[in-house]
Amino acid sequence: MNRTELKFYIKRDDILTIRNIIEKIMKLDSYTNLQKRDYQVTSLYFDTFDNKDLDEKLAGILKRRKIRIRYYGDNSIIKFEVKNRENLIINKESVKISKNEAAEIIQGNYDILNKFIKDNECLARTYLDLKTNIYRPRVVVRYDREAYVLPYGNTRITFDKNLRTSNNKVDLFNSKNLYYPILDDDIHILEVKYSLFLPQPVKYILNSINTQVSSISKFALCQKYIEKSPWVDRL
């Protein structure tokens, strides 16, 4: 299903302001650790040897794609995902995979995906791209997500806090990986997603804070820590 995705940089005080409002009209999503009010999201992104997907993002190409393996919390739920974007409209194709399947994909055994692509044109194209364009694991992105859902318009609001990366470590399930902060302590990311329309209460929420829509990519932000070409100033 296509959805519109809006992203904003926000401060901690803005989170408190918004939270006080949305708690009255929206519910925490099903992944949430109720004691912490959020859950950890960890993603391993893939890219070509010459960083095609990163370059398309930095060049402002409106139609682009990201390929990733993502898990939530303690990695009991692992997904292989393709996120397609055209301007502000996104569409995600994802399949649940096992930890062993994820490890095979990370090692470059993309044939593991064959069982998922029979009736899925997007995954079939992605499988071919992974093999022919020599995609490899590129960067691990981690953050703490506080997410709220509203059934009207398939609406979702998330606070993605404490964005960090494991630098050039791409062994996704290694608990010994060290993670390094990307943004200042007081800067976080607000994402708003909706399918058909943006409900009026959500418009009111966005108008209650001093921020504006930004072109934010966690994938791109985290790569500034692994760029190894000194003559390229990517970010």
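My aim in this report is to walk through the structure given alongside it, one point at a time. (Residues numbered from 1 in each chain as written. Predicted model: local features only at pLDDT ≥ 70, side-chain atom pairs only at ≥ 80, totals over all residues. Heavy atoms only, no water.)

A word on the side chain of K57
Step number 1: Residue position: K57 is located in helix α2 (residues 52-58).
Step number 2: Of the side chains bearing the opposite charge, E5 lies closest to the buried K57, which forms no salt bridge; the N-O distance is 8.8 Å.
Step number 3: There is a polar contact of 2.5 Å between the side chain of K57 and the side chain of S215.
Step number 4: Non-local contacts of K57, meaning those with residues more than four positions away in its chain, are made with R64, S215, I216, S217 and A220. (Helix = DSSP H or I, 4+ residues; strand = E, 2+ residues; numbered from the N terminus. Buried < 20%, exposed > 50% of the residue type's maximum accessible area, 1.4 Å probe, protein only. Lys, Arg positive; Asp, Glu negative; His and termini not counted. Salt bridge = Lys/Arg side-chain N within 4 Å of Asp/Glu carboxyl O. Polar contact = N/O pair within 3.5 Å; in protein donor to acceptor, adjacent residues only side chain to side chain. Contact = heavy atoms within 4.5 Å.)

Things to note about the pattern of salt bridges
Step number 1: Tallied over the full model, the rule gives 24 salt bridges.
Step number 2: The shortest N-O distance in the salt bridge between E5 and R85 comes to 2.0 Å. Of the two residues, E5 sits in strand β1 (residues 3-11) while R85 sits in strand β5 (residues 77-86), which places them 80 residues apart along the sequence. For the pair formed by E5 and R85, the shared burial category is buried.
Step number 3: Close ionic contact of E191 with K193 constitutes a salt bridge, the shortest N to O distance being 2.8 Å. For the pair shown, E191 and K193 are each scored as buried.
Step number 4: Via salt bridges that share partners, E5, K7, K83, R85, R145, D160, E191, K193 and K218 belong to a single interconnected network.

Quick word on unusual backbone geometry
Step number 1: The backbone of R37 shows a phi angle near 70 degrees, a positive value even though the residue is not glycine.
Step number 2: For R37, the location among the structural elements is in the loop between β2 (27-28) and β3 (39-47).
Step number 3: One non-glycine residue with positive phi stands out, namely I134, at about 55 degrees.
Step number 4: Relative to the helices and strands, I134 is located in the loop between α4 (121-132) and β7 (136-150).

Structural notes on the packing of aromatic side chains
Step number 1: This model, assessed by the stated rule, comprises 7 aromatic pairs.
Step number 2: Judged by centre distance (4.3 Å) and plane angle (5 degrees), the rings of Y31 and Y72 are stacked. In this pair, Y31 sits in the loop between β2 and β3 while Y72 sits in strand β4 (residues 63-72), placing the two residues 41 residues apart along the sequence.
Step number 3: Just above the ring of Y179 sits the side chain of R142; from NZ or CZ to the centre is 4.1 Å. (Phe/Tyr/Trp six-rings, centres within 6.5 Å; stacked < 30°, edge-to-face > 60°. Lys NZ or Arg CZ within 6 Å of the ring centre and 35° of its normal.)

Observations regarding the environment of S98
Step number 1: Mapped onto the elements, S98 comes out in the loop between β6 (89-96) and α3 (99-106).
Step number 2: Separated by 44 residues in sequence, S98 and L54 have C-alpha atoms that sit 27 Å apart.

Re a nonpolar patch on the surface
Step number 1: On the surface, L88, I89 and V213 cluster together into a nonpolar patch covering about 220 Å² of accessible area.
Step number 2: Within the secondary structure, I89 sits in strand β6.
Step number 3: A relative accessible area of 37% means that I89 is categorised as partly exposed. (Patch = residues over 30% accessible without salt bridge, like charges linked within 9 Å, V, L, I, M, F, W, Y side chains within 5 Å. Areas by Shrake-Rupley, 256 points an atom, 1.4 Å probe, with all protein chains shown as cover.)

Details of the nonpolar core
Step number 1: F46, I69, F80, I97 and I105 are the most contacted members of the largest nonpolar core, which totals 25 residues.
Step number 2: Put simply, the parts of the chain that give this core at least two residues each are β3, β4, β5, α3 and α4.
Step number 3: No other element matches the 4 residues that α4 contributes to this core.
Step number 4: Those residues in contact with I69 that sit more than four places away from it in its chain are T42, S43, L44, F46, I78, K79, F80, I97, A102, I105, I106 and L172.
Step number 5: The next biggest cluster of nonpolar side chains, apart from the first, holds 19 residues, and it includes Y148, V192, Y194 and L198. (Core = buried A, V, L, I, M, F, W, Y, C linked by side-chain atoms within 4.5 Å.)

Distances and angles like these do not, on their own, reveal function.
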